[in-house]
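# Breakdown of the fold
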Amino acid sequence: MTPPKEGLRVWQRMLSGRRLNLIDPSPLDIEIADIAHGLARVARWNGQTSGPHIFSVAQHTLLVEAVMREQLPRIDGSWRLAALLHDAPEYVIGDMISPFKAVLGEGYKSVEKRLLSAIHIRFGLPAILADKITEAIKTADKGAAYLEATELAGFAADEARRLFGRDPGLSPAVREDYLTPWSAAKAEKRFLARFKALVPS
(Lines give C-alpha, C1' and ligand atoms only; values in the text may rest on other atoms or scores of the structure.)
Protein backbone atom coordinates (compact mmCIF):
# COMPACT_ATOMS: atom_id res chain seq x y z
CA MET A 1 0.00 0.00 0.00
CA THR A 2 1.39 3.42 -1.00
CA PRO A 3 2.04 5.64 2.04
CA PRO A 4 -0.05 8.85 2.11
CA LYS A 5 1.56 12.09 1.02
CA GLU A 6 3.04 14.12 3.86
CA GLY A 7 0.52 16.42 5.48
CA LEU A 8 -2.56 14.48 4.39
CA ARG A 9 -5.01 13.63 7.17
CA VAL A 10 -5.41 9.86 7.59
CA TRP A 11 -7.59 9.85 10.72
CA GLN A 12 -11.30 10.28 11.31
CA ARG A 13 -12.76 12.06 14.32
CA MET A 14 -15.59 10.15 15.96
CA LEU A 15 -18.54 11.53 17.92
CA SER A 16 -16.94 10.08 21.04
CA GLY A 17 -13.99 12.41 20.44
CA ARG A 18 -11.66 9.56 19.44
CA ARG A 19 -9.43 10.03 16.41
CA LEU A 20 -8.92 6.77 14.55
CA ASN A 21 -5.88 6.51 12.29
CA LEU A 22 -6.74 4.49 9.17
CA ILE A 23 -3.12 3.57 8.44
CA ASP A 24 -2.19 2.51 11.97
CA PRO A 25 -5.45 2.02 13.93
CA SER A 26 -5.07 1.71 17.69
CA PRO A 27 -7.50 -0.45 19.68
CA LEU A 28 -7.51 2.36 22.27
CA ASP A 29 -9.24 4.65 19.77
CA ILE A 30 -12.14 2.26 19.12
CA GLU A 31 -15.45 2.62 20.97
CA ILE A 32 -18.47 0.35 20.49
CA ALA A 33 -20.80 3.38 20.57
CA ASP A 34 -19.00 4.84 17.53
CA ILE A 35 -19.23 1.52 15.71
CA ALA A 36 -22.95 1.12 16.43
CA HIS A 37 -23.73 4.71 15.47
CA GLY A 38 -21.81 4.47 12.20
CA LEU A 39 -23.02 1.04 11.08
CA ALA A 40 -26.65 2.00 11.73
CA ARG A 41 -26.25 4.77 9.16
CA VAL A 42 -24.41 2.82 6.45
CA ALA A 43 -26.61 1.25 3.76
CA ARG A 44 -26.19 -2.29 2.48
CA TRP A 45 -26.57 -2.87 -1.28
CA ASN A 46 -25.70 0.78 -1.97
CA GLY A 47 -29.17 1.62 -0.71
CA GLN A 48 -30.85 -0.40 -3.48
CA THR A 49 -33.32 -2.12 -1.16
CA SER A 50 -37.05 -1.89 -0.63
CA GLY A 51 -38.70 -0.39 2.44
CA PRO A 52 -39.04 3.02 4.08
CA HIS A 53 -35.56 2.81 5.66
CA ILE A 54 -32.15 1.74 4.41
CA PHE A 55 -31.13 -1.80 5.31
CA SER A 56 -28.15 -0.90 7.46
CA VAL A 57 -24.90 -2.72 8.03
CA ALA A 58 -25.80 -2.80 11.74
CA GLN A 59 -28.97 -4.73 10.93
CA HIS A 60 -27.05 -6.98 8.54
CA THR A 61 -24.51 -7.92 11.21
CA LEU A 62 -27.33 -8.80 13.58
CA LEU A 63 -28.85 -10.98 10.86
CA VAL A 64 -25.50 -12.71 10.28
CA GLU A 65 -25.17 -13.44 13.99
CA ALA A 66 -28.74 -14.81 14.03
CA VAL A 67 -27.94 -17.07 11.05
CA MET A 68 -24.82 -18.33 12.83
CA ARG A 69 -26.90 -19.13 15.93
CA GLU A 70 -29.24 -21.16 13.72
CA GLN A 71 -26.42 -22.99 11.95
CA LEU A 72 -24.13 -23.50 14.97
CA PRO A 73 -26.30 -23.33 18.11
CA ARG A 74 -23.48 -24.49 20.41
CA ILE A 75 -20.78 -22.17 19.13
CA ASP A 76 -18.98 -20.12 21.78
CA GLY A 77 -20.30 -16.63 22.48
CA SER A 78 -16.96 -15.04 21.58
CA TRP A 79 -17.32 -16.30 18.02
CA ARG A 80 -20.86 -14.93 17.88
CA LEU A 81 -19.33 -11.60 18.89
CA ALA A 82 -16.85 -11.97 16.04
CA ALA A 83 -19.79 -12.52 13.68
CA LEU A 84 -21.51 -9.39 15.01
CA LEU A 85 -18.30 -7.40 14.43
CA HIS A 86 -17.35 -8.93 11.08
CA ASP A 87 -18.24 -5.75 9.15
CA ALA A 88 -17.33 -3.31 11.93
CA PRO A 89 -14.58 -1.58 9.85
CA GLU A 90 -17.39 -0.21 7.69
CA TYR A 91 -18.21 2.33 10.40
CA VAL A 92 -15.10 4.09 9.11
CA ILE A 93 -14.73 3.05 5.48
CA GLY A 94 -18.36 2.48 4.46
CA ASP A 95 -19.90 -0.55 2.81
CA MET A 96 -18.32 -1.10 -0.58
CA ILE A 97 -20.25 -3.59 -2.70
CA SER A 98 -18.21 -6.67 -3.63
CA PRO A 99 -17.77 -5.68 -7.31
CA PHE A 100 -16.25 -2.34 -6.27
CA LYS A 101 -13.94 -4.04 -3.75
CA ALA A 102 -12.68 -6.18 -6.63
CA VAL A 103 -11.95 -3.02 -8.64
CA LEU A 104 -10.11 -1.36 -5.74
CA GLY A 105 -8.00 -4.45 -5.04
CA GLU A 106 -5.54 -5.04 -2.21
CA GLY A 107 -5.31 -1.44 -1.00
CA TYR A 108 -8.88 -1.52 0.31
CA LYS A 109 -8.49 -5.01 1.75
CA SER A 110 -5.33 -4.12 3.67
CA VAL A 111 -7.02 -1.11 5.35
CA GLU A 112 -10.07 -3.25 6.17
CA LYS A 113 -7.94 -6.03 7.68
CA ARG A 114 -5.94 -3.67 9.88
CA LEU A 115 -9.10 -2.05 11.18
CA LEU A 116 -10.74 -5.40 11.90
CA SER A 117 -7.66 -6.64 13.77
CA ALA A 118 -7.65 -3.52 15.95
CA ILE A 119 -11.39 -3.94 16.61
CA HIS A 120 -10.87 -7.59 17.58
CA ILE A 121 -8.10 -6.69 20.02
CA ARG A 122 -10.20 -3.89 21.53
CA PHE A 123 -12.97 -6.34 22.40
CA GLY A 124 -10.90 -9.32 23.53
CA LEU A 125 -10.86 -11.39 20.34
CA PRO A 126 -7.78 -12.69 18.51
CA ALA A 127 -6.41 -10.16 16.02
CA ILE A 128 -6.76 -12.83 13.33
CA LEU A 129 -9.44 -15.47 13.73
CA ALA A 130 -8.86 -19.18 13.19
CA ASP A 131 -9.71 -20.32 9.67
CA LYS A 132 -12.66 -22.44 10.83
CA ILE A 133 -14.24 -19.44 12.60
CA THR A 134 -13.66 -17.20 9.60
CA GLU A 135 -15.33 -19.80 7.37
CA ALA A 136 -18.29 -20.15 9.73
CA ILE A 137 -18.80 -16.39 9.66
CA LYS A 138 -18.51 -16.33 5.86
CA THR A 139 -21.12 -19.08 5.59
CA ALA A 140 -23.50 -17.14 7.84
CA ASP A 141 -22.75 -13.96 5.91
CA LYS A 142 -23.66 -15.65 2.63
CA GLY A 143 -26.87 -16.98 4.14
CA ALA A 144 -27.79 -13.46 5.26
CA ALA A 145 -26.88 -12.08 1.83
CA TYR A 146 -29.19 -14.64 0.19
CA LEU A 147 -32.10 -13.48 2.35
CA GLU A 148 -31.37 -9.81 1.79
CA ALA A 149 -30.95 -10.31 -1.94
CA THR A 150 -34.24 -12.16 -2.41
CA GLU A 151 -36.41 -10.27 0.06
CA LEU A 152 -35.04 -6.73 -0.19
CA ALA A 153 -32.75 -6.25 -3.20
CA GLY A 154 -34.83 -7.69 -6.05
CA PHE A 155 -32.82 -10.82 -6.85
CA ALA A 156 -34.52 -13.94 -8.17
CA ALA A 157 -33.98 -17.03 -6.00
CA ASP A 158 -31.96 -18.84 -8.69
CA GLU A 159 -29.59 -15.92 -9.13
CA ALA A 160 -29.20 -15.47 -5.37
CA ARG A 161 -28.40 -19.18 -4.92
CA ARG A 162 -25.74 -18.95 -7.62
CA LEU A 163 -24.13 -15.88 -6.05
CA PHE A 164 -24.61 -16.42 -2.32
CA GLY A 165 -25.56 -20.05 -1.70
CA ARG A 166 -28.61 -21.46 -0.03
CA ASP A 167 -31.39 -20.10 2.13
CA PRO A 168 -30.23 -20.53 5.77
CA GLY A 169 -33.70 -21.64 6.90
CA LEU A 170 -34.56 -19.11 9.59
CA SER A 171 -38.05 -19.26 11.10
CA PRO A 172 -40.71 -16.98 9.55
CA ALA A 173 -40.80 -14.81 12.70
CA VAL A 174 -37.04 -14.28 12.71
CA ARG A 175 -37.02 -13.56 8.99
CA GLU A 176 -39.77 -10.98 9.33
CA ASP A 177 -38.03 -9.25 12.21
CA TYR A 178 -34.51 -9.11 10.79
CA LEU A 179 -35.55 -8.42 7.18
CA THR A 180 -37.87 -5.51 7.89
CA PRO A 181 -35.56 -2.49 7.58
CA TRP A 182 -35.30 -0.60 10.86
CA SER A 183 -34.74 3.07 11.53
CA ALA A 184 -31.15 4.05 12.26
CA ALA A 185 -32.04 4.62 15.92
CA LYS A 186 -33.53 1.13 16.27
CA ALA A 187 -30.62 -0.54 14.47
CA GLU A 188 -28.12 1.24 16.71
CA LYS A 189 -30.02 0.32 19.88
CA ARG A 190 -30.38 -3.35 18.93
CA PHE A 191 -26.74 -3.62 17.85
CA LEU A 192 -25.57 -2.25 21.20
CA ALA A 193 -27.95 -4.52 23.12
CA ARG A 194 -26.70 -7.62 21.30
CA PHE A 195 -23.08 -6.55 21.80
CA LYS A 196 -23.66 -6.19 25.55
CA ALA A 197 -25.32 -9.62 25.67
CA LEU A 198 -22.30 -11.23 23.99
CA VAL A 199 -19.49 -9.49 25.88
CA PRO A 200 -18.59 -11.18 29.16
CA SER A 201 -19.29 -8.88 32.11
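### Digging into the pattern of salt bridges
Taken as a whole and judged by the stated rule, the model has 11 salt bridges. As a salt-bridge pair, R44 and E148 come within 2.8 Å of each other at their nearest N and O atoms. Taken as a pair, R44 in the loop between α1 (32–39) and α2 (57–71) and E148 in helix α7 (residues 131–151) lie far apart in primary sequence, 104 residues in all. Of the residues examined, R44 reaches a relative accessible area of 11% and is grouped as buried. D177 is the salt-bridge partner of R190, the closest N and O atoms lying 2.9 Å from each other. In this pair, R190 sits in helix α10 (residues 184–198) while D177 sits in helix α9 (residues 172–178), placing the two residues 13 residues apart along the sequence. Judged by relative accessible area, R190 falls into the partly exposed class, the value being 25%. Where salt bridges share partners, they join R18, E31 and R122 into one cluster.

### Topic: the nonpolar core
One finds I35, L63, L85, Y91 and F191 to be the most contacted residues of the largest nonpolar core, which totals 58 residues. If you list the elements that add at least two residues to this core, you get α1, α2, α3 (77–84), α4 (90–93), α6 (106–122), α7, α8 (157–164) and α10. In terms of residue count, the dominant contributor to this core is α7 (nine residues).

### What about a nonpolar patch on the surface?
Judged by side-chain polarity, I97, F100, V103 and L104 come together as a nonpolar surface patch covering roughly 340 Å² of accessible area. With respect to the secondary-structure elements, L104 resides in helix α5 (residues 98–104).

### With respect to α10
Over its 15 residues, α10 runs 21 Å from end to end, which matches the ideal 21 Å to within 8%, given 1.5 Å per residue. Along α10, the residues classified as buried are A187, E188, F191, L192, F195 and L198. Burial along α10 is one-sided: seen end-on, the buried residues are contained in an arc of 130°. Summarising the geometry of α10, the exposed residues directed more than 90 degrees from the buried face are A185, K189, K196 and A197. Buried-residue contacts for α10 involve α1, α2 and α3.

### Some words on the packing of α1 against α10
Across the interface, α1 lies against α10 with an axial gap of 8 Å and an inter-helix angle of 140°. Classified by the angle between their axes, α1 and α10 sit oblique to one another. Seen from above, α1 lies across α10 with right-handed handedness. Counted together, I32, A33, I35, A36, H37 and L39 of α1 and E188, F191, L192 and F195 of α10 form the full contact between these two elements.

### Side note on the environment of V92
In this structure, V92 sits in helix α4. Along the primary structure V92 and A102 are separated by 10 residues, whereas in three dimensions their C-alpha atoms are 19 Å apart. When sequence neighbours within four positions are dropped, the list of residues in contact with V92 reads Q12, M14, L20, L22 and L115.

Rules used in this analysis
Residues numbered from 1 in each chain as written. Predicted model: local features only at pLDDT ≥ 70, side-chain atom pairs only at ≥ 80, totals over all residues. Heavy atoms only, no water. Salt bridge = Lys/Arg side-chain N within 4 Å of Asp/Glu carboxyl O. Helix = DSSP H or I, 4+ residues; strand = E, 2+ residues; numbered from the N terminus. Buried < 20%, exposed > 50% of the residue type's maximum accessible area, 1.4 Å probe, protein only. Core = buried A, V, L, I, M, F, W, Y, C linked by side-chain atoms within 4.5 Å. Patch = residues over 30% accessible without salt bridge, like charges linked within 9 Å, V, L, I, M, F, W, Y side chains within 5 Å. Areas by Shrake-Rupley, 256 points an atom, 1.4 Å probe, with all protein chains shown as cover. Expected span 1.5 Å × (residues − 1). Arc of directions from axis to C-beta. Contact = heavy atoms within 4.5 Å. Axes fitted to C-alpha atoms, helices over the stretch in contact; angles between N-to-C directions. Parallel < 35°, antiparallel > 145°, perpendicular 65-115°, else oblique. Left-handed = near helix turned anticlockwise from the far one by under 90°.

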